[in-house]
Amino acid sequence: MAILMDGKVLAAEQMAALKKRVDALKAAGRTVGLAVILVGDDPASQVYVRNKGKACEELGILSETLRLPAETTQEELEAEIDRLNRDSRMDGILVQLPLPRHLDEAKALAKIIPEKDVDGFHIENAGKLFTGQPGVVACTPKGILHMLKACGVPMKGKEAVVIGRSNIVGKPVAMLLLNENCTVTICHSRTADLAAHTRRADILVAAVGKPKFVTADMVKPGAAVVDVGINRVDGKVVGDVDFDSVEKVAGYISPVPGGVGKMTICMLMENTVEAAENVLDADGIRTE
Ligand code: NDP
């Protein structure tokens with residue numbers, strides 16, 4: 001039976017450590033602030049934004065959610081981002097994705113100043129990750145790495161296979177695993193004989209968006225299997241991994257819910273706290 005990589009436990013530990021950093025910043029005269037922009041009324045986005053607000057509350061981070069109507073124009077959205085870029089109370093700005101179809105996501109994300117880009121999606125931060133420079137790392141990939149390290153999963157010299165090549169999960173997590181000296185393969189919908197790749201993996205990350213896509217026959221015995229998927233089936237949230245069969249083969253496995261999702265929010269909080277610490281380092285004690 002696989003060891004459970006329990007996001008709830010790991011996130012609780014991390015949140016306790018973050019609380020101390022938020023309190024230290026407060027003592028130095030800085031209240032950490034996070035602004036979230038939500039455009040439209042996508043139900044899943046509403047849930048994510050609510051959860052982010054709750055995490056801020058738990059840590060004592062000032063959180064402001066700007067709810068804009070679905071018909072908001074690109075110019076209006078960018079004007080709000082500009083305003084928040086200049087708002088010294090806000091250390092982090094997050095534009096909740098997906099945006100309504102008429103809006104240009106890449107252009108909107110590029111408007112956020114990289115120092116406040118706590119989601120790590122700005123091209124400058126993505127570029128820093130790809131060129132090995134310190135920058136803001138996207139929350140889900142960062143959370144996956146944290147989880148693997150905290151659970152003592154060996155990485156150096158190991159075969160890592162990532163299923164999925166999105167800019168927000170697949171590509172950045174592959175880069176982080178490469179930085180840990182894994183030998184990395186990225187698979188996608190055109191990969192020929194996917195199972196031949198996944199069966200070689202000591203670390204298998206599933207970021208596909210298809211319920212129970214990874215089955216036991218695709219997994220190497222003893223592998224660490226990270227399930228990123230969030231799929232709604234009959235009102236229930238299920239991952240991309242068939243947990244019941246895979247846990248019998250894997251050495252480590254993360255559950256859904258209670259796995260990567262918990263780590264993602266925790267890493268968003270960490271990126272926000274780091275952004276505030278950077279401001280303090282740069283400016284000294286600020287009074288507002
Ligand atoms: P995308 O839809 O952007 O990417 C999915 C990837 O899976 C694509 O690269 C696609 O390949 C690949 N894929 C699709 N079908 C197959 C197949 N049959 N075989 C192999 N590869 C396939 O999704 P995201 O990366 O944004 O998200 C992935 C999942 O993770 C979703 O369920 C999402 O909800 C979840 N998620 C969870 C988060 C968390 O905090 N836990 C955060 C972010 C996402 P191709 O490029 O060829 O189309």
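Residues numbered from 1 in each chain as written. Predicted model: local features only at pLDDT ≥ 70, side-chain atom pairs only at ≥ 80, totals over all residues. Heavy atoms only, no water.

A count of helical and extended segments in the protein chain gives 10 helices and 11 strands. Taking 288 residues into account, the globule formula puts the C-alpha radius of gyration at 19 Å, and the protein chain, at 19 Å, falls close to it. In the protein chain, which comprises 288 residues, the share counted as buried stands at 49%. Within the protein chain, contacts between residues separated by at least 24 positions form 71% of all contacts whose residues are at least 6 apart in sequence. Of the roughly 13,500 Å² of accessible surface on the protein chain, a fraction of 54% belongs to carbon and sulfur atoms. Here the protein chain holds 35 positive side-chain charges and 39 negative ones, and the gap between their average locations is 3 Å. (Helix = DSSP H or I, 4+ residues; strand = E, 2+ residues; numbered from the N terminus. Rg over C-alpha atoms; globule rule 2.2 N^0.38 Å. Buried < 20%, exposed > 50% of the residue type's maximum accessible area, 1.4 Å probe, protein only. Contact = heavy atoms within 4.5 Å. Areas by Shrake-Rupley, 256 points an atom, 1.4 Å probe, with all protein chains shown as cover. Lys, Arg positive; Asp, Glu negative; His and termini not counted. Charge placed at Lys NZ, Arg CZ, Asp CG, Glu CD.)

Around the ligand, the surrounding shell holds 21 residues, and the nearest of these are R165, S166, S189, K210 and T264. Here H188 contributes a backbone N or O atom positioned 3.4 Å from a nitrogen atom of the ligand. Within the backbone of I230, an N or O atom sits 3.1 Å from an oxygen atom of the ligand. When the free accessible area of the ligand is taken as 930 Å², the share hidden by the protein chains comes to 71%. (Near = heavy atom within 4 Å. Polar contact = N/O pair within 3.5 Å; in protein donor to acceptor, adjacent residues only side chain to side chain.)

What follows covers the pairing of strand 2 (residues 33-39). For strand 2, the buried fraction is high: seven of the seven residues fall into the buried class. Residue alternation in strand 2 divides its side chains into two sets, G33, A35, I37 and V39 and L34, V36 and L38, and both sets are buried. In terms of strand pairing, strand 2 meets strand 3 (residues 62-68) through seven bridges, oriented parallel. Bridged to G33 within strand 3 is L62. A crossover links strand 2 with its parallel partner strand 3, the connecting element being helix 2 (residues 43-59), and its sense is right-handed. (Pairing = 2+ DSSP bridges. Right-handed = clockwise from strand over helix to strand, strands pointing away.)

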